[in-house]
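Letter by letter, the chains look like this.
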Amino acid sequence: MASPIRIGLVGVGKIARDQHLPVIAASPDYSLVAVASRHGGLDGVPSYGSLEAMLAAHGDLDAVALCQPPQARFAAALAGIAAGRHVFLEKPPGATLAEVGLLVEAARTRGVSLFASWHSRFAPGVEPARRWLSGRRIRSVEIAWLEDVRHWHPGQDWIWDAGGMGVFDPGINALSIATHILPPFHLTGATLSVPENRQAPIAADLHFADAAGTPIRARFDWRQTGPQTWDIRVETDDGTLVLSQGGAVLTIDGRDQPLPPEAEYRGLYDRFAALVRSGASDVDLNPLIHAADAFMRGERRTVEAFTD
């Protein structure tokens, strides 16, 4: 059996505590060596105030997982790559497309693995949905990603800053699924609703089409109260497919399909371990391209101020 990958984690925030750390602890593929965070460490593990301090203290690290906000991720990833460490990027992989392109080239030159993780693609219903849709004629697609930002991102002001992506922080999860299960598509129009006291949108209404002109609509909204909605509905000539609960539930013509248990982040870390051991990288920019296109082409509409 291969030795565990000695990994350090950067950014001990909500996503790290909820997802990354439990999966790393449970996986035989990894040994958590250290963490780095500006906002407190982790009991029982050497903790540092910066990635640079962690790298200097632990020459035995094989890899780093970067869980800080996207605006800070480029510099950290570049430092990790320069130090010869394999790099796991939380989603989105960066604040701009160009910076991720530079990371891809840096990783190739240095001979390390780079992984742009899209956790929603590892939801249990996503791959079965992709297989069922393959070869079928798609008539239309409706995506609804509606959630309450106060519940999921309490006090996280970085998401409202330039580069924080606003409602595209969760919305890009929908785009990561759509780009995996559907034929290639492009943006045809968008409206972005931006609070008057923020830099990033709180809602987005997006229209896409594929090469055949198939209409694809996506609605993202952070003002949802009550039940949260993460659904993708695909009408085909051969029936209706619905992925709901972010890909955790799959129905075809109203019939529930049998699926394995949820294991999104375990799937990500299994994939990263395979990349590290094979010397490969996996950086799919398609979800980020669609988000960037929405910002570039979308009509900006000012809405009432948002307070957390």
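Predicted model only: the values in this text are computed from it and were never measured. (Residues numbered from 1 in each chain as written. Predicted model: local features only at pLDDT ≥ 70, side-chain atom pairs only at ≥ 80, totals over all residues. Heavy atoms only, no water.)

**Side note on the layout of surface pockets**
Roughly 1400 Å³ of volume is contained in the largest pocket. Contributing to the lining of the largest pocket are 46 residues, with Lys14, Ile15, Glu90, His153 and Gln156 lying nearest its centre. Here the element with the most residues in the lining of the largest pocket is helix H1 (residues 14-26); it accounts for four residues. Empty space within the second largest pocket amounts to approximately 290 Å³. (1 Å grid on protein atoms, 1.4 Å probe; cavity = no way out; pocket = protein on both sides within 12 Å on 5 of 7 lines; lining within 4 Å. Points joined across faces, edges and corners; volume = space filled by probe spheres on them. Helix = DSSP H or I, 4+ residues; strand = E, 2+ residues; numbered from the N terminus.)

**Examining the side chain of His119**
Tracing the sequence through the fold places His119 in the loop between strand E6 (114-116) and helix H5 (126-133). At a separation of 3.5 Å, a polar atom in the side chain of His119 contacts the side chain of Asn173. Once you skip the residues sitting within four places of it in the chain, His119 turns out to touch Lys91, Asn173, Glu264, Tyr265 and Leu268. (Polar contact = N/O pair within 3.5 Å; in protein donor to acceptor, adjacent residues only side chain to side chain. Contact = heavy atoms within 4.5 Å.)

**Brief notes about the pairing of strand E13 (residues 249-252)**
The pairing of strand E12 (residues 239-244) with E13 spans four bridges and is classified as antiparallel. By the bridge assignment for E13, Val242 is matched with Thr251. What sits between E12 and E13 in their antiparallel hairpin is a turn of four residues, with Gln245 showing a positive phi close to 55 degrees. Relative to strand E14 (residues 255-256), E13 is paired through two bridges, and the arrangement is antiparallel. Bridging from a neighbouring strand, Ile252 pairs with Arg255 of E14. The hairpin formed by E13 and E14 contains two residues between the paired strands, and Asp253 there has a positive phi angle of roughly 50 degrees. (Pairing = 2+ DSSP bridges.)

**Some words on empty space enclosed by the protein**
The method is simple in principle: a probe with the dimensions of a water molecule rolls over the atoms, and the space it marks as empty is what remains. In the structure shown here, the tally under the stated rule is one cavity of 30 Å³ or more. Every residue lining the largest cavity is listed: Ile138, Val141, Leu182, Pro183, Asp210, Thr214 and Ile216.

**As for the sheet that holds strand E1 (residues 5-10)**
Pairing between the strands of a sheet comes from backbone hydrogen bonds, and it takes one of two forms, parallel or antiparallel. Taking strand neighbours across the sheet as the criterion, the six strands line up as E3-E2-E1-E4-E5-E6 in an open arrangement whose pairing is parallel. Here the strands that pair on one side only, and so sit at the sheet edges, are strand E3 (47-48) and E6. Here strand E2 (residues 30-36) pairs with E3 via two bridges, running parallel. Considered in E3, the bridge of Ala36 is made with Tyr48.

**Points about unusual backbone geometry**
Keep in mind that most residues, glycine aside, have a negative phi and that most peptide bonds are trans. Each neighbour pair has its own omega, and for Lys91 with Pro92 the value is -10 degrees, a cis peptide bond. Within the chain, Met165 stands out as a residue other than glycine whose phi angle is a positive 80 degrees. Along the chain, the position of Met165 falls in the loop between helix H6 (149-152) and helix H7 (168-181). At Gln245, a residue that is not glycine, the phi angle is positive and equals roughly 55 degrees. Mapped onto the fold, Gln245 is located in the loop between E12 and E13. Judged by its relative accessible area of 55%, Gln245 falls in the exposed class. (Buried < 20%, exposed > 50% of the residue type's maximum accessible area, 1.4 Å probe, protein only.)

**Some words on the sheet that holds strand E7 (residues 138-146)**
With mixed pairing, nine strands are arranged side by side in an open sheet as E14-E13-E12-E11-E7-E10-E9-E8-E15. Bordering the open sheet on either side are E14 and strand E15 (299-303), each of which pairs with just one other strand. Judged from the five bridges that link them, strand E11 (residues 229-236) and E12 form a sheet pairing that is antiparallel. Following the sheet pairing, Val234 is matched in E12 by Leu241. Strands E11, E12 and E13 of the sheet are contacted by H5, whose axis makes an angle of about 160 degrees with E12. Packing against the sheet, helix H9 (residues 286-297) makes contact with strand E8 (185-195), strand E9 (203-210) and E15, and its axis sits at approximately 65 degrees to E8. (Axes fitted to C-alpha atoms, helices over the stretch in contact; angles between N-to-C directions.)

**What about the UniProt feature "domain: Gfo/Idh/MocA-like oxidoreductase N-terminal" (unreviewed entry) in the protein?**
Summarizing the sequence annotation, UniProt attributes the feature "domain: Gfo/Idh/MocA-like oxidoreductase N-terminal" (unreviewed entry) to residues 5-115 in the numbering used throughout. From the first C-alpha to the last, residues 5-115 spans 15 Å; its make-up is 40% helix and 23% strand. (UniProt positions renumbered as here; feature names shortened; annotations may be inferred.)

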